[in-house]
2 protein chains.
Amino acid sequence: MDQEPKLHFNLFLFTAGHHSAAWRHPDSALERLGDISYYQELAKISERGLLDAVFFADGHSVPPVAQGARWFLEPLTTLSAIAAVTENIGLISTVSSTFYTPFHAARFAASLDHISGGRVGINVVTSMWDAEARNHNREAMPAAAERYARAEEFIQVMTGLWDSWADDAIVADRQGLWADPDKVRPINHQGEHFLVDGPLTVPRSPQGKPVLIQAGASEDGRNLAAQWAEAIYAVAFDLKAGQDYYRDVKSRIAKAGRNPDATAILPGLVTYIGSTEAEARAKKAELDALLPVQHSLRELGLFIGQDCSDWDVDAPIPDLPSLEEVTVPKGRYGTILRMIEVDTVDGKRPLVRQVLGRLAAGGGHCTMIGTPEQVADEIETWFRNEGADGFNLMPPMLPNSLEDFIDHVIPILQKRGLFRTEYEGKTLRSHFGLEQPVMV
Amino acid sequence: MDQEPKLHFNLFLFTAGHHSAAWRHPDSALERLGDISYYQELAKISERGLLDAVFFADGHSVPPVAQGARWFLEPLTTLSAIAAVTENIGLISTVSSTFYTPFHAARFAASLDHISGGRVGINVVTSMWDAEARNHNREAMPAAAERYARAEEFIQVMTGLWDSWADDAIVADRQGLWADPDKVRPINHQGEHFLVDGPLTVPRSPQGKPVLIQAGASEDGRNLAAQWAEAIYAVAFDLKAGQDYYRDVKSRIAKAGRNPDATAILPGLVTYIGSTEAEARAKKAELDALLPVQHSLRELGLFIGQDCSDWDVDAPIPDLPSLEEVTVPKGRYGTILRMIEVDTVDGKRPLVRQVLGRLAAGGGHCTMIGTPEQVADEIETWFRNEGADGFNLMPPMLPNSLEDFIDHVIPILQKRGLFRTEYEGKTLRSHFGLEQPVMV
């Protein structure tokens with residue numbers, strides 16, 4: 001193993017790309033959003049670039065469909081079909097602890113870990129919308145505190161089930177035992193939210209336990225991540241915000257008694273790359289021009305928890321309530337407040353249109369625009385200054401923004417010794433430099 | 001479309017094969033039970049034989065592990081990885097209506113239907129063991145009547161969700177709508193067991209609705225199958241039992257106002273095939289000799305609901321309670337009673353060992369032993385005499401018992417005009433001769 005830390009990159013796979021108008025572009029893969037070969041191709045491009053993993057977010061309700069697809073294929077089935085045509089790249093699925101039982105989640109993840117030869121990560125989320133709850137037998141979403149309490153117990157049970165088969169439980173002795181009954185153990189969990197006897201129906205998987213990823217921005221989310229996460233997705237629109245989050249969460253990890261260096265923090269990253277800075281900016285402008293203003297205002301309204309559909313996009317953005325006053329998810333809301341703060345020059349608040357532009361691709365995640373060298377420089381700055389251990393790539397348009405990154409930025413980072421030049425192992429744990437758990 | 005009815009064949013994929021001692025055989029795939037390439041190869045063999053589908057049963061608890069694996073990989077993830085390396089063969093997963101929410105089930109199935117280009121079937125089961133309930137937040141399994149009431153509502157909601165996107169909901173107009181909001185509709189279901197607003201997150205899939213399969217043997221199961229099933233798995237150890245079931249269920253389908261010819265009834269079928277009858281019998285004896293008697297007695301005990309671990313295997317089997325007196329699942333129990341009845345000669349009850357032998361492979365399903373011609377003859381007899389519309393193949397050992405069938409029996413049935421000589425379509429609906437649902 002190389003001792004010098006290296007960058008980690010995930011591809012966040014999302015419809016036609018992370019720019020909300022990407023699907024309107026003439027070159028978009030609009031007609032292929034339900035076609036598995038599209039996602040398989042994107043995973044192969046990512047594997048060609050030696051990325052750590054591809055990753056799917058997930059949701060359990062349908063947002064308004066006029067302005068583009070948010071969801072299409074289900075992540076676990078999609079990743080399994082990707083596993084079948086790739087060799088090395090990690091496969092990360094989002095799983096809702098509010099809507100799955102931990103037995104289902106543990107079983108899907110362990111099965112996919114076998115199918116992929118040890119490449120699975122699970123991004124546990126608590127979900128947030130009432131519309132999602134109302135597809136799974138609940139009138140409304142439980143409050144955040146209850147969701148996080150359930151998530152904590154969910155992870156305990158899920159990892160307990162992964163540990164229910166010892167590494168050497170399967171004996172496979174044709175004249176004797178198939179498996180040693182003493183090494184396949186119930187967990188007999190009876191908690192606040194779950195009753196689960198175990199053991200899991202799926203024997204110990206190649207990674208021992210699939211990798212646990214978390215994306216918490218709230219207080220509860222950060223604490224859950226500090227305690228459990230082996231990699232963390234973050235939202236940080238500039239280096240300062242990235243550093244604040246990075247230092248805060250790394251110190252929480254240390255306080256939880258874990259090694260902060262072992263858990264990679266990966267902010268989302270939107271990149272527009274051109275052979276000149278002007279070409280890169282033109283790529284962004286081309287997508288921004290496709291943006292339907294009314295829809296963008298509605299989306300902003302969702303994030304800030306108020307109707308702003310009649311706002312004048314060419315006027316300064318009105319005052320917004322403080323973080324403490326709102327009931328919407330605080331991670332994204334806080335980012336919007338900081339965007340306004342940073343774009344406020346000499347007391348002049350930014351125009352509504354400027355905020356919409358920032359939100360259109362990645363919704364407030366870091367955006368880098370420039371030549372491959374410029375983007376590599378920025379990445380190196382974040383990496384060397386406690387801003388990030390790597391990034392969760394959110395290409396504004398797929399596949400071309402991804403290919404720009406893979407073909408032009410990755411080679412520079414490799415030359416600088418900041419990124420792997422070959423896969424050193426076959427598992428996601430190995431890509432992330434994580435230890436293989438042992439269960440005897 | 002060919003008007004003359006043809007046979008339908010599913011491969012029931014199960015560990016090293018359906019004979020419970022198959023894994024002990026020197027040629028078994030024992031080391032590959034967690035290896036997706038094993039299942040992919042079996043699916044490709046089945047596709048070479050033009051079978052309608054491969055099928056996975058499912059369970060949510062671990063039976064004693066000493067005497068062999070029952071479960072390993074999870075079916076939906078497995079079928080998705082199989083979809084990625086096959087072109088035509090149908091992919092049928094069991095889904096428990098007791099442990100899944102209908103939204104999860106509808107979503108997985110629709111996603112897999114997209115991934116496979118329209119090859120998915122869902123075998124809805126109600127599950128039966130308390131040990132399974134205790135992995136999903138229940139102290140014990142609900143009573144059969146409650147399970148079936150839930151199953152009925154489950155299927156209503158699942159099919160409703162599949163119908164929540166019209167066939168032409170996606171407009172994909174780069175200058176206008178991605179999808180027409182009037183054609184993506186909530187279902188607003190509020191029933192006894194489920195609250196589900198919908199619509200589904202997955203747009204209308206290639207088959208419109210994945211194919212619904214049922215395997216009910218009980219009164220409740222038969223009625224559910226009559227009302228919903230587009231194909232039915234049956235248990236029938238001889239032609240008489242097959243005919244009884246076939247005629248009963250076909251008449252129930254007619255009474256439910258559906259076309260009985262459109263729903264294929266597929267009894268399980270265990271085959272031992274040799275170039276002579278003696279060679280076929282030798283193949284069976286070779287597996288039977290590997291059978292651990294104590295374990296087989298324990299399994300029998302589960303099926304009949306009493307401890308028989310100290311029974312003398314060389315003594316006649318004791319009297320058993322009538323079907324009405326027992327609380328175990330009645331389908332399999334009734335078959336065991338009929339096995340004993342049929343094997344009772346001149347008032348002499350069969351030996352316990354004879355019953356164990358019948359149960360060892362397929363647990364009381366029809367067993368055919370002989371040359372390819374003999375097996376083809378028996379199949380034709382069932383097919384022409386209201387015993388079966390085809391069979392759910394349960395090869396005692398995989399892959400060799402399957403290859404015997406594919407390479408030697410299928411060609412005979414093709415020559416007789418009883419089985420397809422090429423796939424006539426790409427979807428499971430097309431293989432089963434089912435209509436494509438329309439939703440405007």
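Residues numbered from 1 in each chain as written. Chains lettered and ligands numbered in written order. Predicted model: local features only at pLDDT ≥ 70, side-chain atom pairs only at ≥ 80, totals over all residues. Heavy atoms only, no water.

Let us now look at the overall build of chain A. Counting secondary structure elements, chain A contains 14 helices and 11 strands. In summary, chain A has a C-alpha radius of gyration of 22 Å against a globular reference of 22 Å for 440 residues, a match within 12%. Looking at chain A residue by residue over its 440 residues, the buried ones come to 62%. Sequence-distant contacts, at least 24 apart, represent 76% of the contacts inside chain A between residues at least 6 apart. Counting every atom, chain A has about 16,200 Å² of accessible surface; 50% of that belongs to carbon and sulfur. Averaging the positions of the 41 positive and the 60 negative side-chain charges in chain A gives two centres separated by 0 Å. (Helix = DSSP H or I, 4+ residues; strand = E, 2+ residues; numbered from the N terminus. Rg over C-alpha atoms; globule rule 2.2 N^0.38 Å. Buried < 20%, exposed > 50% of the residue type's maximum accessible area, 1.4 Å probe, protein only. Contact = heavy atoms within 4.5 Å. Areas by Shrake-Rupley, 256 points an atom, 1.4 Å probe, with all protein chains shown as cover. Lys, Arg positive; Asp, Glu negative; His and termini not counted. Charge placed at Lys NZ, Arg CZ, Asp CG, Glu CD.)

On to the UniProt feature "domain: Luciferase-like" (unreviewed entry) in chain A, then. Here, the residues flagged by UniProt with the feature "domain: Luciferase-like" (unreviewed entry) are residues 21-389 of chain A. Counting secondary structure, residues 21-389 of chain A comes out at 40% helix and 12% strand; the distance between its end C-alpha atoms is 29 Å. (UniProt positions renumbered as here; feature names shortened; annotations may be inferred.)

With an RMSD of 0.1 Å, chain B superimposes on chain A once it is rotated by 180 degrees and translated 0.0 Å along the axis. Seen this way, the second copy is the image of the first under a two-fold rotation axis. Across chain B, the smallest distance between a C-alpha and the rotation axis is recorded for A81(B), namely 2.3 Å. (Least-squares fit on C-alpha atoms with pLDDT ≥ 70 in both.)

Below, the discussion takes up the pattern of salt bridges. All names here are of chain B. A complete count under the given rule lists 60 salt bridges over all chains for this structure. One salt bridge connects E139 with R134, and the closest N-O pair in it is separated by 3.1 Å. Close ionic contact of R416 with E380 constitutes a salt bridge, the shortest N to O distance being 2.8 Å. Taken together, the residues span a long stretch of sequence, with R416 in the loop between α13 (400-415) and α14 (428-431) and E380 in helix α12 (residues 372-384) at a distance of 36 residues. By relative accessible area, which is 27% here, R416 ends up partly exposed. (Salt bridge = Lys/Arg side-chain N within 4 Å of Asp/Glu carboxyl O.)

A cluster of nonpolar side chains, contributed by M128(A), W129(A) and L302(A), occupies part of the molecular surface with about 280 Å² of accessible area. Along the chain, the position of L302(A) falls in helix α9 (residues 293-304). (Patch = residues over 30% accessible without salt bridge, like charges linked within 9 Å, V, L, I, M, F, W, Y side chains within 5 Å.)

A packed helix pair is summarised by two numbers, namely the angle formed by the two axes and the spacing between the axes. Residues and elements named next belong to chain A. Taken N-terminus to C-terminus, the directions of helix α1 (residues 36-48) and helix α13 (residues 400-415) make an angle of 20 degrees; their axes are 9 Å apart at the nearest point. Classed by the angle they form, the pair α1 and α13 counts as roughly parallel. Read as a crossing pair, α1 and α13 show a hand that is left-handed. Contact with α1, carried on its side by L42, I45, S46 and R48, involves L402, E403, I406 and D407 of α13 and no other residues of that element. (Axes fitted to C-alpha atoms, helices over the stretch in contact; angles between N-to-C directions. Parallel < 35°, antiparallel > 145°, perpendicular 65-115°, else oblique. Left-handed = near helix turned anticlockwise from the far one by under 90°.)

Moving on, we come to the packing of aromatic side chains. Residues and elements named next belong to chain A. By the definition in use, this model includes 27 aromatic pairs over all chains. Aromatic side chains F14 and W71 sit 6.3 Å apart centroid to centroid with 80 degrees between the ring planes, which places their arrangement in the edge-to-face category. Here F14, found in the loop between β1 (8-13) and α1, pairs with W71, found in the loop between β2 (53-56) and α2 (75-83); they are 57 residues apart in sequence, far enough to count as distant. Residues F14 and W71 agree in their burial class; the two are buried. Sitting over the face of the ring of F303, R332 holds its NZ or CZ atom 4.1 Å from the ring centroid. (Phe/Tyr/Trp six-rings, centres within 6.5 Å; stacked < 30°, edge-to-face > 60°. Lys NZ or Arg CZ within 6 Å of the ring centre and 35° of its normal.)

Another aspect to go through is the nonpolar core. Ranked by size, the top nonpolar core spans 266 residues in total, and within it F9(A), I379(A), F9(B) and I379(B) carry the most contacts. Setting aside residues up to four positions removed in sequence, F9(A) forms contacts with L51(A), D52(A), A53(A), I379(A), F391(A), L393(A), F405(A), I410(A), L413(A) and F419(A). (Core = buried A, V, L, I, M, F, W, Y, C linked by side-chain atoms within 4.5 Å.)

Quick look at unusual backbone geometry now. Backbone phi values are negative for most residues with the exception of glycine, while trans is the configuration of most peptide bonds. Residue and element names in this part refer to chain A. Of the consecutive residues G198 and P199, the connecting peptide bond is found in the cis state with omega at -5 degrees. By secondary structure assignment, the location of P199 is in the loop between β6 (195-196) and β7 (211-214). Cis geometry is found at the peptide bond from L398 to P399, where omega equals 0 degrees. Tracing the backbone through its elements, the reader meets P399 in the loop between β11 (390-393) and α13. At T15, a residue that is not glycine, the phi angle is positive and equals roughly 40 degrees. Mapping T15 onto the fold places it in the loop between β1 and α1.

This part covers helix α11 (residues 352-360) of chain B. Taken as a whole, α11(B) has its buried residues at V352(B), V355(B), L356(B), G357(B), L359(B) and A360(B). Positive phi shows up at G362(B), right after α11(B), with a value of about 90 degrees.

Every contact between the two is made by 72 residues of chain B and, on the other side, 73 residues of chain A. Taken together, both faces of the contact between chain B and chain A bury some 6,000 Å²; the carbon and sulfur share is 60%. For the pair chain B and chain A, the interface holds six salt bridges. Of the charged contacts, one joins D58(A) and R107(B) as a salt bridge, the two residues approaching to 2.8 Å between their closest N and O atoms. At the boundary of chain B with chain A, the tally comes to 38 residue pairs in polar contact (both at pLDDT 80 or more). Only α1 (36-48), α2 (75-83), α3 (102-115) and β6 (195-196) of chain B provide two or more residues apiece to the side of chain B that touches chain A. It is α3(B) that provides the largest number of residues to the side of chain B that touches chain A, a total of seven residues. (Buried area = accessible area lost by both parts, 1.4 Å probe. Polar contact = N/O pair within 3.5 Å; in protein donor to acceptor, adjacent residues only side chain to side chain.)

To continue, consider the side chain of S80(A). Position of S80(A) among the secondary structure elements: in helix α2. If we skip the residues at most four places from it in the chain, S80(A) touches L112(A), I115(A), T77(B), S80(B) and A81(B).

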